[in-house]
Amino acid sequence: MNLHDPIVFIVDDDRRICEALSELLSTFDLNVVTFGSAAEYIAYPKPDVPACLILDVELPDINGLDLQSQTAEGNHPQIVFITGHGDIPTSVRAIKAGAIDFLTKPFSEVDLMRAIRAAIAQDRNARRNSAESADLRQRLSSLTPREREVLPLIVSGLLNKQAAAELGISEVTIQIHRGKIMKKMGAGSLAELVRMAGMLEIPMTHSRRAH
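This is a predicted model, so every value here is computed, not measured.

Participant: Teacher, can you tell me more about the sheet that holds strand 1 (residues 7-11) here?
Facilitator: In sheet architecture, strand pairing relies on hydrogen bonds along the backbone and comes in two forms, parallel and antiparallel. If you walk across this open sheet you meet the 5 strands as 2-1-3-4-5, and the pairing is parallel. This sheet does not close on itself; its edge strands, each paired only once, are strand 2 (31-35) and strand 5 (101-104). The average undirected angle you get between the axes of adjacent strands in this sheet is 20 degrees. The pairing of strand 3 (residues 51-56) with strand 4 (residues 78-83) spans 5 bridges and is classified as parallel. For L55, the partnering residue across the bridge sits in strand 4 and is F81. With respect to the sheet, helix 4 (residues 88-96) is in contact with strand 4 and strand 5, its orientation differing from that of strand 5 by roughly 150 degrees.

Participant: Which parts of the structure should I look at to understand helix 7 (residues 160-167)?
Facilitator: Residues three or four positions apart in an α-helix share a direction because the helix packs 3.6 residues into each turn. Of the positions making up helix 7, those classed as buried are N160, Q162, A163 and A164. Of the surrounding secondary structure, the elements contacted by the buried residues of helix 7 are helix 6 (145-155) and helix 8 (171-185). Positive backbone phi, approximately 70 degrees, marks G168, located one or two places after helix 7.

Participant: Can you walk me through the pairing of strand 3 in this structure?
Facilitator: Of all 6 residues in strand 3, 6 are buried; the element is thus mostly enclosed. Because side chains alternate across strand 3, one face comprises the buried residues A51, L53 and L55, and the other comprises C52, I54 and D56, equally buried. Where strand 1 meets strand 3, 5 bridges bridge the pair, whose relative direction is parallel. Along strand 3, the bridge assignment pairs I7 with A51. Considered for its hand, the β-α-β crossover made up of strand 3, helix 3 (residues 64-70) and strand 4 is right-handed.

Participant: Would you explain the packing of aromatic side chains in this entry?
Facilitator: The description of an aromatic ring pair uses the distance of the two centres, along with the angle that the planes make with each other. Under the defined criterion, the tally for this structure stands at 6 aromatic pairs. Between F35 and Y44 the ring centres are 5.3 Å apart and the planes differ by 65 degrees, which places this aromatic pair in the edge-to-face class. Owing to a relative accessible area of 6%, F35 belongs among the buried residues under this scheme. On the basis of relative accessible area, Y44 is assigned to the partly exposed category, the value being 29%.

Participant: Mind showing me how you'd approach the pattern of salt bridges here?
Facilitator: Two side chains bearing opposite charge may form a pair once their charged atoms approach each other closely. Considering all chains together, one arrives at 11 salt bridges under this definition. One salt bridge in this structure joins D48 and R127, with 2.5 Å as the shortest N-O distance. Of this pair, D48 sits in the loop between helix 2 (38-43) and strand 3 while R127 sits in helix 5 (residues 109-141), and the two are 79 residues apart along the sequence. Residue R195 pairs with E132 through a salt bridge whose shortest N-O separation is 3.0 Å. With R195 in helix 9 (residues 190-199) and E132 in helix 5, this residue pair connects regions lying 63 residues apart in the sequence. With relative accessibility at 40%, the residue R195 sits in the partly exposed group. Take E132: its relative accessible area is 26%, and that puts it in the partly exposed class. One network of salt bridges, in which partners are shared, links D12, D56 and K105.

Participant: Is there a simple way to explain the environment of D61 in this structure?
Facilitator: Structurally, D61 can be placed in the loop between strand 3 and helix 3. In the structure, D61 is positioned 24 residues away from S37 in sequence and 6.5 Å away in space, judged by C-alpha atoms. Those residues within four positions of D61 in sequence are excluded, and the remaining contacts are S37, A38 and A39. Within the structure, the side chain of D61 is placed 2.9 Å from the backbone nitrogen of A39, a separation counted as a polar contact.

Participant: Can you help me understand the pairing of strand 1 in this one?
Facilitator: Taken residue by residue, a regular strand's side chains alternate between the two faces of the sheet. Buried residues dominate strand 1, accounting for 5 of its 5 residues. Alternating positions in strand 1 separate into two faces, I7, F9 and V11 on one and V8 and I10 on the other, with burial throughout. As paired elements, strand 1 and strand 2 share 5 bridges and run parallel to each other. Residue pairing for strand 2: V11 is matched across the bridge by F35.

Conventions and cut-offs
Residues numbered from 1 in each chain as written. Predicted model: local features only at pLDDT ≥ 70, side-chain atom pairs only at ≥ 80, totals over all residues. Heavy atoms only, no water. Pairing = 2+ DSSP bridges. Helix = DSSP H or I, 4+ residues; strand = E, 2+ residues; numbered from the N terminus. Axes fitted to C-alpha atoms, helices over the stretch in contact; angles between N-to-C directions. Contact = heavy atoms within 4.5 Å. Buried < 20%, exposed > 50% of the residue type's maximum accessible area, 1.4 Å probe, protein only. Right-handed = clockwise from strand over helix to strand, strands pointing away. Phe/Tyr/Trp six-rings, centres within 6.5 Å; stacked < 30°, edge-to-face > 60°. Salt bridge = Lys/Arg side-chain N within 4 Å of Asp/Glu carboxyl O. Polar contact = N/O pair within 3.5 Å; in protein donor to acceptor, adjacent residues only side chain to side chain.

Below, the structure written as structure tokens:
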């Protein structure tokens with residue numbers, strides 16, 4: 001199986017559940033790695049591929065919901081909870097915290113595969129967005145300090161003469177900076193540059209109307 005294929009991580013202290021799920025998911029050509037505890041999962045080096053985490057709520061070392069909270073800020077896959085003792089408050093907490101689904105044992109193969117596919121799709125998109133953001137930050141770092149001053153002005157919609165007046169420089173100088181910014185950022189149009197600025201969360205504190 002290709003090393004770049006998605007992986008499904010399973011954390012459940014019931015070996016029978018792990019074996020049954022592994023056997024099932026293998027029929028869908030999915031890579032599966034199982035763990036008997038949260039500690040084993042956390043210690044495992046995660047490959048940089050789209051993934052899904054099937055997580056039991058009750059684990060021997062930590063509650064699954066607590067593990068969800070601990071890994072919320074890290075680079076961890078989307079979670080599909082499974083439990084033999086589900087209740088509404090627990091499921092609501094899990095979903096509000098970002099879980100894809102909360103399945104009560106015994107769950108159907110259809111529901112499980114639907115949740116796994118949704119989780120992998122979301123994780124793939126998140127990884128793509130993260131990679132794009134990292135690339136954009138690298139491009140942004142290539143701008144000079146003056147170009148970083150010009151960037152928020154032009155993506156805010158200011159005309160060259162308005163941006164020039166804002167910084168106290170000539171319109172020709174603004175045009176030169178604008179061209180260099182477009183080239184360094186790899187933007188083919190102003191609209192594309194605006195989209196990039198949005199992903200980089202560059203504040204647009206000026207508007208053409210204000211001028």
